[in-house]
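Breakdown of the fold
Chain by chain, the residues run as shown.
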Amino acid sequence: MNLKEEILRLKKEKNAIILAHNYQRPEIQDIADFIGDSLELSMKAKETDADIIVFCGVDFMAEVAKIVNPEKKVLHPEPKAKCPMAAMLKPEMILEAKRRYPNAKVVLYINTTAKCKAYADAICTSANAVEVVKNIDSDIVIFGPDVNLAYYVEKRTGKRIIPIPEYGHCRVHIMFEPKDVWEARKKYPNAKLLVHPECIPEIQEEADEIASTGQMIKKACLHDEWVVFTEREMCYRLSKIYPNKKFYPAREDAICINMKRITLEKVYESLKYERFEVKINEEIMKRAKIAIENMFKLMKK
Ligand code: 13P
Ligand code: SF4
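Here's what I pulled together on the structure shown here. (Residues numbered from 1 in each chain as written. Chains lettered and ligands numbered in written order. Predicted model: local features only at pLDDT ≥ 70, side-chain atom pairs only at ≥ 80, totals over all residues. Heavy atoms only, no water.)

1. Examining unusual backbone geometry
Look at the link from Gly144 to Pro145: it is a cis peptide, with omega at 0°. Here Pro145 lies in the loop between strand 7 (140–144) and helix 9 (147–157). Looking along the chain, the bond that leaves Ile164 and enters Pro165 is cis, with omega of -15°. By secondary structure assignment, the location of Pro165 is in the loop between strand 8 (160–163) and helix 10 (178–187). With a phi close to 50°, Asn15 is a non-glycine residue in the positive phi region. Among the structural elements, Asn15 can be located in the loop between helix 1 (3–13) and strand 1 (16–21). On the basis of relative accessible area, Asn15 is assigned to the partly exposed category, the value being 35%. In this structure, Glu274 takes a positive phi of about 50° despite not being glycine. Here Glu274 lies in the loop between helix 14 (264–273) and helix 15 (282–300). Its relative accessible area of 26% is what places Glu274 among the partly exposed residues. (Helix = DSSP H or I, 4+ residues; strand = E, 2+ residues; numbered from the N terminus. Buried < 20%, exposed > 50% of the residue type's maximum accessible area, 1.4 Å probe, protein only.)

2. Points about the packing of helix 1 against helix 14
Two numbers describe how helix 1 lies on helix 14: the axes approach to 10 Å, and their chain directions differ by 30°. Accordingly, the angle class assigned to the pair helix 1 and helix 14 is roughly parallel. Crossing of helix 1 over helix 14 shows left-handed handedness. Residues Leu3, Glu6, Ile7, Leu10 and Lys11 of helix 1 form the contact with helix 14, whose participating residues are Leu264, Glu265, Val267, Tyr268, Leu271 and Lys272. (Axes fitted to C-alpha atoms, helices over the stretch in contact; angles between N-to-C directions. Parallel < 35°, antiparallel > 145°, perpendicular 65-115°, else oblique. Left-handed = near helix turned anticlockwise from the far one by under 90°. Contact = heavy atoms within 4.5 Å.)

This is the structure we're talking about:
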C-alpha cells in the first residue's frame, strides 16, 4: 500500500484537511494542505469548511483547532505528541498569581492547555506576543509559561511582566548556547542569524532577526544565507520555499521529539478510523475561546 496515496484518497473521500506545523517531518509537510506557525494554523482552523481537521502538531495546537471551530471533528493522530512546555503551567499557578497581582491582566502563550487558557484574559503566539501585551489594558501582565518569550516581550513593551512559572521553557530552544553562535559565525561568515524568541536572552541579543516560525519564512527573503536557531526541520521548510538560499540548523540535535511522533502511518490510521478525536469540556472550551478571540481583537488595535 502506498501510504501517501491512501492518505490523499481518504482525505478527499472524507472532505478532510491536513494542517501541519513547520516542525513536522518532511513527509508530513509534503502531504499537508497547509503548513504554518501556531497563529497561522489557528486562523486556518477557524476558517476551514472541511468536515474533518487532521492536526499534525502537538496537543495544544490540536486543542486550539477544536476550540475555534467546535462543530468540526478535529483529529490528533498521536495524542502522545504533547508539548512539555505547555505542561509546565497549571491553573493553580495562574490563580495564585492573580491573587498576588489583582490588577494585572493574564496573557498566556498559545503553548498552554485549554484548562489554563480558560483563566486567561487573552492568549498570544510568538508572532503577536508583543502586539497583544502592548494593546492589553494593563501595565502589569501575568505571562506564562515561557520565560524567554516573557523576556522578549518585556523588552519591547516596557510593561511589567510577571512570569509564571518562574522556570517555564522549551527544552529544544534552551539547547542553543553562546558557543553555537560563535561556531556559526566562524563556520558561515556570510550568514545571518534567524532566532526564535523561545531561545535564551543571550542568543536573542545576538540575533539578526527574531521571529516566530511563520515570520522566519517572511524574513528569509532579506538575505541569502541564514543560520537558524529553532527546531531543525524549519530548515527543510525554508529550503523548500527558497531553493536558492542556504539555511543551516544552528544545532543538528535541536529536535522536538513530540512533533516527530506524528508519522505517515499515524496520519493514515487517524483518517481511516477517525481517531483520536479532540474532546474538551464545554465550559472550558467556552472560556478558552474568549481568550483566543481576545487575541484576535488585540491584534487589530
Ligand atoms: P511558532 O508559533 O513560532 O511556530 O512556535 C511554536 C512552537 O512551539 C515553537 O517551539
Ligand atoms: Fe513545545 Fe518546544 Fe516542541 Fe515547540 S519545540 S512544541 S515549545 S517542546
